[in-house]
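Listed here are the chains, written in short residue letters.
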Amino acid sequence: MTPMVRKKSSRKTKAPKSRKAVKKARPARKAQRKISRKVKSAGKAKRKTIKKIMLKPTALKKAKKPSRKIKAEARKPTVIRKISFPERFISEKAVSGVVKRFEVRYLQVLDKDGRCDEKLMPRVSSQDIKSFFELMLTSRVFDDKALALQRQGRIGTYASIRGQEASQIGSAFAMQDQDWMFPSFREAGAYITRKTPMHLVLQYWSGDERGGIMPKGINNFTPSIPVGTHALHAVGFAWGARLRKDRIVCVAYIGDGATSEGDTLEAMNFAGVFRVPVVFLLQNNQWAISVPRAKQTAAETLAQKAIAFGFEGIQVDGNDVFAVYRAAREAMDKARAGGGPTLIECVTYRMGDHTTADDAKRYRDARELEYWVQRDPIDRLRKYMQKKGLWSQEYENKVAEEAGRKVEEAVKTMESQPPPNIEDFFKYTYAEMNQNLKDQLAELMEALKEQQERKE
Amino acid sequence: MPNLTIVQAVNYALMQEMARDANVIVLGEDVARNGGVFRATEGLWEKFGDGRVIDTPLAESGIVGVSIGLAAYGFRPVAEIQFDGFTYPAFDQLISHATRIRTRSRGRFSCPLVVRAPYGGGIHAPEHHSEAPEAFYTHMPGVKVVIPSTPYDTKGLLVSAIRDPDPVIFFEPKKIYRAFKQEVPEEDYAIPLGKASVAREGVDVSIFTWGSMVRTCLEAAEKIKDRVSVEVVDMRTLSPLDTDAINASVKKTGRVVIVHEAPKSSGVGAEIAALIDRKDLLYLEAPVVRVTGFDTVFPLAKLEKYYMPDASRITKGIEKVMDF
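Residues numbered from 1 in each chain as written. Chains lettered and ligands numbered in written order. Predicted model: local features only at pLDDT ≥ 70, side-chain atom pairs only at ≥ 80, totals over all residues.

**Let's talk about the overall build of chain B**
Counting secondary structure elements, chain B contains twelve helices and 14 strands. What you see for chain B is a C-alpha radius of gyration of 19 Å, in line with the 20 Å of a compact globule of 324 residues. With respect to the principal axes defined by its C-alpha atoms, chain B has extents near 60 × 40 × 40 Å. Across the 324 residues of chain B, 58% fall into the buried class. (Helix = DSSP H or I, 4+ residues; strand = E, 2+ residues; numbered from the N terminus. Rg over C-alpha atoms; globule rule 2.2 N^0.38 Å. Buried ≥ 20, exposed ≤ 12 C-beta atoms within 10 Å, placed from the backbone.)

**Some details on helix H13 (residues 377–388) of chain A**
Residues and elements named next belong to chain A. Here H13 contains twelve residues, and its C-alpha end-to-end distance of 17 Å stays within 8% of the 16 Å for a straight helix at 1.5 Å per residue. Looking at H13, one finds that the buried residues are Pro377, Ile378, Arg380, Leu381, Tyr384 and Met385. Along the axis of H13, the buried residues cluster in a sector spanning 160 degrees; they form a single face. Where H13 is buried, its residues contact helix H5 (126–151), helix H6 (165–173) and helix H11 (321–336). Positive phi appears at Gly389, one or two residues downstream of H13, with a value of about 75 degrees. (Expected span 1.5 Å × (residues − 1). Arc of directions from axis to C-beta. Contact = placed C-beta atoms within 7 Å.)

**Notes on the environment of Leu243 of chain A**
Along the chain, the position of Leu243 of chain A falls in helix H9 (residues 231–243). Note: C-alpha distance between Leu243 of chain A and Gln176 of chain A (67 residues apart in sequence) is 20 Å.

**A closer look at the interface of chain B and chain A**
Counting from both sides, the interface comprises 37 residues of chain B and, opposite them, 33 residues of chain A. The set of elements that each furnish at least two residues to the side of chain B that touches chain A consists of helix H3 (60–73), helix H4 (91–98) and helix H5 (101–104) of chain B. Of the residues forming the side of chain B that touches chain A, the biggest block, ten residues, is contributed by H3 of chain B. Classifying every residue of the side of chain B that touches chain A by side-chain character gives 13 nonpolar, 18 polar and six charged. (Nonpolar A, V, L, I, M, F, W, Y, C, P; charged D, E, K, R; others polar.)

**With respect to the domain arrangement of chain A**
According to the domain assignment, chain A consists of domain 1 (59–99), domain 2 (118–415) and domain 3 (425–451). For domain 2 of chain A and domain 3 of chain A, the distance between their C-alpha centres works out to 38 Å. (Domains from an automatic or database assignment.)

**A look at the sheet that holds strand S6 (residues 144–146) of chain B**
Strands in a sheet are paired, the pairing made by backbone hydrogen bonds, and the direction either parallel or antiparallel. All names here are of chain B. Here we have seven strands laid out as an open sheet, ordered S3-S2-S4-S5-S7-S6-S12, and mixed in their pairing. The open sheet is flanked by strand S3 (53–55) and strand S12 (237–239), the only strands paired with a single partner. The sheet shows a mean angle of 20 degrees between the axes of neighbouring strands, taken without regard to direction. Both S6 and strand S7 (residues 168–173) contribute to a ladder of three bridges, which runs parallel. (Pairing = 2+ DSSP bridges. Axes fitted to C-alpha atoms, helices over the stretch in contact; angles between N-to-C directions.)

**Let's talk about the sheet that holds strand S10 (residues 205–209) of chain B**
All names here are of chain B. Taken together, five strands build an open sheet; the order of strands is S9-S11-S10-S13-S14 and the sheet is mixed. Pairing within the sheet leaves two strands with one partner each, and these edge strands are strand S9 (197–200) and strand S14 (289–293). The average angle at which neighbouring strand axes cross in this sheet is 25 degrees, direction not considered. Both S10 and strand S11 (residues 230–234) contribute to a ladder of five bridges, which runs parallel. Bridge pairing links Ser206 to Glu231 in S11. Docked against the sheet, helix H8 (residues 213–223) engages S9, S10, S11 and strand S13 (256–263), running at close to 175 degrees with respect to S11. Where helix H12 (residues 311–323) meets the sheet, it contacts S10, S11, S13 and S14, and its direction lies at approximately 165 degrees from that of S14.

**Re the domain arrangement of chain B**
Residues and elements named next belong to chain B. The assigned domain composition of chain B is domain 1 (3–183) and domain 2 (197–323). Across the boundary between the two partners, domain 1 contributes 27 residues, which contact 24 residues of domain 2. Elements that contribute at least two residues to the side of domain 1 that touches domain 2 include exactly helix H6 (134–138), S6, helix H7 (151–163) and S7. Looking at the side of domain 1 that touches domain 2 element by element, the count peaks at four residues for H6. Tallied by class, the residues present in the side of domain 1 that touches domain 2 amount to 14 nonpolar, seven polar and six charged.

**Observations regarding the pairing of S11 of chain B**
Residues and elements named next belong to chain B. For S11, the tally of buried residues reaches five of five residues, placing the bulk of the element in the interior. Alternating positions in S11 separate into two faces, Val230, Val232 and Asp234 on one and Glu231 and Val233 on the other, with burial throughout. Note that S9 and S11 share three bridges and pair antiparallel. Bridge pairing in S11 places Arg200 opposite Val232. Where the polypeptide runs from S10 across H8 and back to S11, its parallel neighbour, the crossover connection is right-handed. (Right-handed = clockwise from strand over helix to strand, strands pointing away.)

**Section: the packing of helix H9 (residues 243–253) of chain B against helix H10 (residues 268–280) of chain B**
Residue and element names in this part refer to chain B. It is at 10 Å that the axes of H9 and H10 come closest, and there the two elements cross at 65 degrees. Crossing geometry of H9 relative to H10 is assigned as right-handed. Contacts between H9 and H10 pair Thr243, Ile246, Asn247, Val250 and Lys251 from the former with Ile272, Leu275, Ile276, Lys279 and Asp280 from the latter. Across the contact of H9 with H10, the residue classes break down as five nonpolar, two polar and three charged. (Left-handed = near helix turned anticlockwise from the far one by under 90°.)

**With respect to unusual backbone geometry**
With the exception of glycine, most residues fall at negative phi, and the peptide bonds are largely trans. Note that the residue after Ser239 of chain B, namely Pro240 of chain B, is joined by a cis bond; omega there is 0 degrees. Counting through the fold element by element, Pro240 of chain B comes out in the loop between S12 and H9. One non-glycine residue, Arg275 of chain A, lies in the positive phi region at around 45 degrees. Turning to its location among the elements, Arg275 of chain A is positioned in the loop between helix H10 (262–273) and strand S5 (278–284). Unlike most non-glycine residues, His128 of chain B shows phi in positive territory, near 75 degrees. Inspection of the secondary structure assignment puts His128 of chain B in the loop between strand S5 (114–119) and H6.

**Some words on the pairing of strand S4 (residues 250–255) of chain A**
Residues and elements named next belong to chain A. In terms of burial, S4 is a largely internal element, six of the six residues being buried. Every second residue of S4 is oriented toward a common face, with Cys250, Ala252 and Ile254 on one face and Val251, Tyr253 and Gly255 on the other, all of them buried. As defined by bridge partners, S4 adjoins S5 across six bridges and the pair is classed as parallel. Bridge pairing in S5 links Ala252 to Phe280. Regarding topology, H10 serves as the crossover connection from S4 to the parallel S5, and that connection is right-handed.

Structure representation (structure tokens):
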């Protein structure tokens, strides 16, 4: 039975469940109840806005003056009629009304001035808050350095994460070590949070595949460049874990552009149908190179894409590390308990160019950047910490200094790597090199040898 | 020893491999309860259940994409794409990821995935159901391409494909899915990928071919046997090609006809011709002749027979290399 059918079927049509099955379903339900309680309490909060999306039959839209009866029906919150088996597919008599209503939650814990709604605050220790700050600051130092390295020709193209630190650190911080990250190409902050040796990230962008080889225990899948294609891998991987009853969660890092790609939507569809323990962590940074968010979709939110696939989508302030962490943590707990996927839309902003090969000034208004600078994720957390007595200038100086030292060390390690073996790009095409590849490699080596001899 | 058709041999191989290795799972459209539109997966769902034989949403890219994730997790997914012409939506997942994950991760991850699809024309099907797209996949580094032509080979090659550590495209010639039966051993056997087989021995001319065309070539060879002794080599694997088998046969006969139902230009036949040119030029008595489908869209049922190479076109090709 698909989850959708499960939800819609009325009590009468439900097949009696065996005791074993009921027992089995219990922990998942419990977790879901827990989550929905949290949702309810969050709903009372002041700063929380709810975007309602109503799906109306076209008949309703066209009618100039809907009858009172229809209006009344439209106001009802859930399924208007209980539909039993034969009618589940089509109504027996003519009727017009609302079949289902949906809503998309929004969550912001920390506003742009660092004011916090304590009721919405996730459970984090002072040490966690300091870790958020340190990771975000380190990521920014790393990012600035990577950009500088590219300008100096020491690495290749690089995609800056400036402005997206809260989305990346908050979400990656919510992951457990055994969980798996499926990154796109703009995820330096998430890598750093997942204890990835920084030199590997630089090495990858310096044009060396060895930068994609993670040390054992660092569960990051390979970076994926074609936008939107890798969410399917996260779903397959998480599905595999579920089939083996391993309690891991996969997090697919996608962006606003990816929501226009069929593969992303197929991934969400598979995840919904098979209740896969996956979280789609969508960083809506407003721009897909030069194409603004408004041109990706006419939908009001990106979070609502999840609704079409039968699971929850939530929109959070992506520059508020507490909101991102809380939403990610809840989604992961739910996934781990068997509650299936969640889509989290982090509303954030790409403060830099798309990559070092791009110039955002060509298509973006400077005032827009200014607006987002006012909402900088690091500034906001700093203000909060200041109020809580968790921040001082000396503390920040120390953190920045330490970050600078670590990044410099990573650069040194990256630059001291011996060049990769030429045969590597032949060697890993298949598990074993076939004769054809052996011949081609021999041809290349021979040509190189002759070149060398001519030089000498 | 059971007497099986090709499609039954597919089923037999899947049944045995799933019983042997719990990591082998089958997924695709209509593969579970319905047993596949050609019944290739019949009985698997009843035997192995929901967790291992999975009806998926109707999304080929999704099927292959999640299979990549499943394979990376340690499963051996066998994905069925319902028809050759519907492998295209999954093309990106194959060329951008399945074939690259090993190289991208320098061997940390691999993609032991099999994509099965019924292949080729000759069954009077609607548009997109008669394609011969093998050249797209032989051009892709990192994937292997297999096309069996007999029930015995089908079982042995599918077993090898499932056990192979790399992605394999397994095209099943649907025209001869049920054309004939052959004894297929119950015991476990695997036919190595990358090895051709000689379907008929001869000394005057070599035909290199695959899929349902093997049968057509054998028919042509039989027709002309009083005049010409034809050797028919069934390539079985198109990536990697069995260059040794090609060389050996060319050295023996000195004359070559290549037959495939896919369009001629940039087809696998061109690659075989180039291989012969590189290694066996001095053994050749005549230029290589290709008898193939045309560089057109595959026509619907009423014109299909004019598109597919038949025994008379192949015989003409043989005469051409003999008369040079």
